[in-house]
Amino acid sequence: MIVIRLALQSLRARWLTALLSVLAIAFSVVLLLGVEKVRTGARQSFADTISGTDLIVGARSGGVQLLLYSVFRIGNATNNMTWQSYKQIAELPDVAWSVPMSLGDSHQGFRVLGTTPEFFTHYSYRGDQQLSFAAGAAFSDVFDAVLGADVAAQLGYEIADSIVIGHGLGSVSFLDHGDKPFKVTGILEKTGTPVDRTVLVGLGAIEAIHVDWQRGAPVPGQNVSAADVRAMDLTPDSITAMLVGLKSRLAIFRVQRAVNEYAAEPLSAILPGAALQELWGLVGVAETALAAVSAMVVVTALIGMVTMILTTLNERRREMAILRSVGASPRTVLGLLATEAGMLTLAGVIAGTGFLYAAIAFLRPWIDRAYGLNLPLSVPTWWELTTLCGIVIAGFLAGLVPAFLAYRRSLADGMTVRV
Amino acid sequence: MRFSWPGSPRFTLDIKRFSVGNGERVLLLGPSGGGKSTLLSLLAGIVSPQKGRIDILGTDIGRVAGGARDRFRAEHFGIIFQMFNLLPYATVIDNVLLPLSFSERRRANVERGGTPADEACRLLERLGLPAGEIGGLRASSLSVGQQQRVAAARALIGRPEIVIADEPTSSLDRQRQKEFLELLFEETGAAGSTLIMVSHDERLAELFNRSVRLDEIAKIERSRA
């Protein structure tokens, strides 16, 4: 008891240095826990991006690649799949629904996705949330477009605005489909998924804007007007990928095998969850590095605290001699300093956790809006609690270094400290 | 009894025989650096002699194990240093009460008469300090003379058998020295404590029952490094 009271009073007398040590520890704790929160938050966001879809089918490639380009709009498809394959897979007896996806064009850096209106009913995220319209409705005409929330917000588009789709994926497009402008018919609610950054058009529209193109460039002399295109058959020859929902999850592996063994062309069917796991395996190294850096910062903060205590040790020799003279054992002196270190660390850990949770509580809506990252304000996890306890114990143990020095000195000095 | 500081064999204190009776007021005289403080550390059991024995109240303190020696010191000794006696960050009252945290017997002695805080205030008042005004202040805010009196109160609380003072008055002027010692005598007398004080100031000798020159009782060897 007396040890704790003395340690507290002693700290209060040195409140500024003590406060700085506590702050250093607090910020290191914020960093350590923050990195973990963002990591789990990012994983959750990724995992939340697609739900309700049992399989993603595309041209044969790695699972991660297929997932990244079809759902996250990262990277490109190496190959397309034919419309015929799409039809055949869609008609498999186990398949409940399927949505074709055609990618490859963009509008001012935002990707354009050609799909069917079923996309709006079957694509779900964060459990079973469905896309909903902030304004307008789904495309019905060939040259209608639906904008993701970010596209509309960043480019300032409103319903009935006219947009021109660029060919290819650059944000500055040298070739565009200026002869066939689109009309905005709908703007989606914010979802926190890549859909926010996507322009959605009908599958036929992708076909329509390329009808007079060959090998990625307009064919000179051939110019089919927008009006003429409407009269044409706009069934595509190929699509980029398809989302598949099954009647029963038990059929997943049966359908997957059927797709992988599809004879007419090489295709891959992936489970979104399994592909995500594969992705985590890839980014795990970076995550570990980040965690190691934040752990290092915690160690640095603890070393800073020990340094602070060590520098005060000389001026506190007298204090130790006084305590010895009134009957404190060298062990009490040891306990006093170790307790001091333990209390500083505890204060730092509590403050740091408080800071972090306050920051999450305040910044949460903003982080979600800016980065599509949903950081849940949840009770500390078991991992967090054990880590925090570990830090306090480490701080206490680190305090044993100066404490042991003081112990040795107080044995050697006795009461005869020359000041 | 023979003692040298561990790690520095240059200084050796050698005492054939020296005794102090219960309730005596003894002044040990010697020049600075003459081994006086070493002798006090030995008496208080902070260090142990390599040879010989030191009997305190019937206990050979040199033979007692470390932890028990600290307890023994807490139970039976009150110690006043030359200066910087107090924990600067603690309040005056907490400083006075400090020994009671380490000694149950002294706490019991105090609690027979009232609460520890009351006894601390009583001692401070007896030593001429306005306890009500300064009790809650930090010790570092007091003057040197006031700090020495607080140290005396701390040494006396719970009536330890032996009070040891290491040049407690050297930082005070002549007039205050006398006042301080008179108060100290009065209170040690009231508590029935033995007082052993060391000083280099021979003029203080007239105030004590007995004064002893350290070089008369002890052989001090200094080998050149």
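Now for a description of the structure that goes with this document. Since this is a predicted model, take the numbers as computed values, not measurements.

### Some thoughts on the interface of chain A and chain B
If you look at the interface, chain A gives 20 residues, while chain B gives 26 residues. Sorting the residues of the side of chain A that touches chain B by element identifies α1 (2-13) and α11 (317-325) of chain A as the ones contributing at least two each. If one sorts the elements of the side of chain A that touches chain B by residue count, α1(A) sits on top with 6 residues. Among the residues making up the side of chain A that touches chain B, the classes are represented as 9 nonpolar, 7 polar and 4 charged.

### Notes on the environment of A:Asp141
Along the chain, A:Asp141 turns up in the loop between β7 (133-136) and β8 (144-147). Counting along the chain gives 63 residues from A:Asp141 to A:Gly204, while the straight-line C-alpha distance between them is 9.4 Å.

### Some remarks on the pairing of strand β16 (residues 267-270) of chain A
Residue and element names in this part refer to chain A. Side chains Leu267 and Ala269 project from β16 onto one buried face, and the interleaved Ser268 and Ile270 project onto a second face that is buried too. Here 4 bridges tie strand β1 (residues 55-59) to β16, and the two strands are oriented antiparallel to one another. What sits directly across from Ala59, in β16, is Leu267.

### Overview of the environment of A:Ile163
All names here are of chain A. Considering the arrangement of structural elements, one finds Ile163 in strand β9 (residues 162-163). Sequence separation between Ile163 and Arg408 is 245 residues; the distance between their C-alpha atoms is 79 Å. Discounting residues that sit within four places of it in the chain, Ile163 has contacts with His107, Ala145, Tyr157, Pro181, Phe182 and Val184.

### So, the packing of α1(A) against helix α12 (residues 330-371) of chain A
Residue and element names in this part refer to chain A. At a minimum axis separation of 9 Å, α1 and α12 run at an interaxial angle of 60 degrees. Regarding the angle of α1 to α12, the classification is oblique. As α1 runs across α12, the sense of the crossing is right-handed. Together, Val3, Ile4, Leu6, Ala7, Ser10 and Leu11 of α1 and Thr332, Gly335, Leu336, Thr339, Glu340 and Met343 of α12 make up the contact between the two elements. For the contact of α1 with α12, the residue count by class is 7 nonpolar, 4 polar and 1 charged.

### Examining the nonpolar core
Within soluble globular proteins, side chains that are nonpolar generally end up buried alongside one another. In terms of nonpolar packing, the biggest core is built from 105 residues, with B:Val96, B:Leu124, B:Ala153 and B:Ile164 touching the most fellow members. The element that contributes the greatest number of residues to this core is α12(A), accounting for 11 residues. Among all residues touching B:Ile164, those that are not within four sequence positions of it are B:Leu40, B:Leu43, B:Ala44, B:Phe77, B:Ile79 and B:Ile196.

### What about the sheet that holds strand β9 (residues 210-213) of chain B?
Residues and elements named next belong to chain B. One open sheet holds the 5 strands; their spatial order is β6-β7-β8-β3-β9, and the pairing between them is parallel. Either end of the sheet is taken by a strand with one partner, and the two such strands are β6 (77-80) and β9. Averaged over all pairs of adjacent strands, the angle between strand axes in this sheet comes to 15 degrees, irrespective of strand direction. For strand β3 (residues 25-29) and strand β8 (residues 194-199), the ladder comprises 5 bridges, and the chain directions are parallel. Looking at the pairing, Leu28 lines up with Val198 of β8. Strand contacts of helix α7 (residues 144-156): β6 and β7 (162-166), with the helix running at about 170 degrees to β6, the strand carrying the most contacts.

What counts and how
Residues numbered from 1 in each chain as written. Chains lettered and ligands numbered in written order. Predicted model: local features only at pLDDT ≥ 70, side-chain atom pairs only at ≥ 80, totals over all residues. Contact = placed C-beta atoms within 7 Å. Helix = DSSP H or I, 4+ residues; strand = E, 2+ residues; numbered from the N terminus. Nonpolar A, V, L, I, M, F, W, Y, C, P; charged D, E, K, R; others polar. Buried ≥ 20, exposed ≤ 12 C-beta atoms within 10 Å, placed from the backbone. Pairing = 2+ DSSP bridges. Axes fitted to C-alpha atoms, helices over the stretch in contact; angles between N-to-C directions. Parallel < 35°, antiparallel > 145°, perpendicular 65-115°, else oblique. Left-handed = near helix turned anticlockwise from the far one by under 90°. Core = buried A, V, L, I, M, F, W, Y, C linked by C-beta atoms within 7 Å.

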